[in-house]
Amino acid sequence: MTPAVSFSKVHFRIGERSILADISFDLWPGETLVILGRSGSGKTTALKLINALLVPSQGEVLVNGESTRRLDPIRLRRQIGYVIQDVGLFPHFTIARNVGLVPELEGWPLPRTTARVHELLDLVGLQHADFEHRYPRQLSGGQKQRVGIARALAADPPILLLDEPFGALDPVTRFELQNQFLDLTRRLNKTAVFVTHDVQEAMRLASRIAVLHHGRLELLTTPAQFKMQEDGEAAKFIATL
Amino acid sequence: MIDSLIELTLEHIELILIAVAFAAAIGVPCGILLHRNAALRRWLLTFTNIVQTIPALALFGFLIPIPLIGGIGKKTAIIALVLYALLPIMRNTLVGLQQVDPAVRESAIAMGMTSRQLLQLVELPLAVSTILAGIRVATVTTVGTATIAAAIGGGGLGVFIFRGIASVDNTQLLAGAVPAALIALIADGGLGWIERRLSPA
């Protein structure tokens, strides 16, 4: 089996400054890898290396066995869903067009896109008849992030990248969306890379947790093993529980 | 008097429309180019800033001896007006494109938009009201500047104004100034209305 995502001795530098150093790991299809780290640990950078928003200074990032250096970035990105904390919905598009954007770019026939948009809005808990004609400004933070997730799933990408997607939400909404995320990734068998600094969130969602500290991969293990750590950055995170 | 009033008013409007149309046709693409190219941004904005500081009457004068674009008449006048209208349009295009929410831009790129799709589907639609505001400012200032065109034989309402000054005749002065002010007000109101209609979200 080919790993869905694979980092091989990846370094990333901006000028002289090292952001990521010597990162290697394999991520298998269907896994949810949570990258846990403090602000500035390099976790967002690691995520952006997967969909070629960034290219490693050294080493290779492989997606389904192919280096992101050799893949066409446009094609690659359309097969990877991307969700960020600020959501980034297009303010001038209706919810339906936001969700159906990748299908639109891919040239799907309109009825197929519309059916897919309805299916996805319902899937993330938004009644499509209620929401499809609205604009992002008419939605609450939690609703926007649901739309963000629906949009990322639109063209049924095998891989999802999520950068602190629930960071700006109240605890109750966050909990609901975490449950929904768990349900979706299991049901749809997605491979996900999820960046967070919330250790509780990491333990709930991860099949494996990667701890990044100062740009180095300090630990990569299951949530059960993670909980037993007695030193290092992992222990500091556990101490906050 | 009435006949020449109508004629000169129409001529004035013609000067403005042609100048602003050219300025927009050049300024908007230049603004897009500046948005994409930081090195270009510095020197092109400096150049248009300098043009803007040249007094209008002097600029008209400078252009006269230049071969091909110079000489006496409408063509020279329009070129000078275009140079003045360029800066606000170019700058507003740049500002409009640059103030697109970075999260929106990042999402668009991460979803696999090409840079052309990013521009057409996201950046330009979100910048459109700012660009139109630039065109509105350019139009209103051009109404005033265009009165100076008469000094180099460009025609327009400036003919009345210069004649009024020369003969110390307030009627002639007002015959030039009042219609010019009206054109400016109407252009401002009309373009402002379109701007609000087209503003996203």
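Cut-off values and rules
- Residues numbered from 1 in each chain as written.
- Chains lettered and ligands numbered in written order.
- Predicted model: local features only at pLDDT ≥ 70, side-chain atom pairs only at ≥ 80, totals over all residues.
- Helix = DSSP H or I, 4+ residues; strand = E, 2+ residues; numbered from the N terminus.
- Buried ≥ 20, exposed ≤ 12 C-beta atoms within 10 Å, placed from the backbone.
- Contact = placed C-beta atoms within 7 Å.
- Nonpolar A, V, L, I, M, F, W, Y, C, P; charged D, E, K, R; others polar.
- Pairing = 2+ DSSP bridges.
- Axes fitted to C-alpha atoms, helices over the stretch in contact; angles between N-to-C directions.
- Parallel < 35°, antiparallel > 145°, perpendicular 65-115°, else oblique.
- Left-handed = near helix turned anticlockwise from the far one by under 90°.

> Could you clarify how one ought to interpret the environment of Arg77 of chain A in this entry?
With respect to the secondary-structure elements, Arg77 of chain A resides in helix H2 (residues 73–78). Owing to 24 C-beta atoms within 10 Å, Arg77 of chain A belongs among the buried residues under this scheme. In sequence terms Arg77 of chain A and Val102 of chain A are 25 residues apart; their C-alpha atoms lie 9.8 Å from each other. If sequence neighbours within four positions are ignored, Arg77 of chain A has contacts with Asn51 and Ala52 of chain A together with Ala110, Met111 and Gly112 of chain B.

> Would you explain the interface of chain A and chain B in this entry?
A common measure of how large an interface is: the accessible area buried when the components associate. With 18 residues of chain A at the interface, the matching set in chain B holds 17 residues. Taken together, the elements giving at least two residues each to the side of chain A that touches chain B come down to H2, strand E6 (80–84) and helix H4 (101–105) of chain A. A class-by-class count of the residues in the side of chain A that touches chain B yields eleven nonpolar, three polar and four charged.

> It is not clear to me how the sheet that holds strand E5 (residues 66–67) of chain A should be interpreted in this structure. Could you clarify?
Within a sheet, neighbouring strands are paired by backbone hydrogen bonds and run either parallel or antiparallel to one another. Residues and elements named next belong to chain A. A sheet is described by the order of its strands in space; here four strands give the open sequence E2-E1-E4-E5, paired in antiparallel fashion. A strand with exactly one partner marks an edge of an open sheet, and here the two such strands are strand E2 (17–27) and E5. As defined by bridge partners, strand E1 (residues 5–14) adjoins E2 across seven bridges and the pair is classed as antiparallel. By the bridge assignment for E2, Phe7 is matched with Phe25.

> What is the right way to look at the packing of helix H7 (residues 158–166) of chain B against helix H8 (residues 170–198) of chain B in this model?
The relative placement of two packed helices comes down to the angle between their axes together with the axis-to-axis distance. All names here are of chain B. Orientation of H7 relative to H8, taken along the N-to-C sense of each, is 155°, at an axis distance of 7 Å. With respect to their mutual orientation, H7 and H8 come out roughly antiparallel. When you trace H7 past H8, the crossing you get is left-handed. When H7 is examined against H8, the residues Gly158, Phe160, Ile161, Arg163, Gly164 and Ile165 are found in contact with a partner set consisting of Asn170, Gln172, Leu173, Ala175, Gly176 and Ala177. Of the residues that constitute the contact of H7 with H8, the class distribution is six nonpolar, five polar and one charged.

Function cannot be inferred from these measures alone, as they are strictly geometric.
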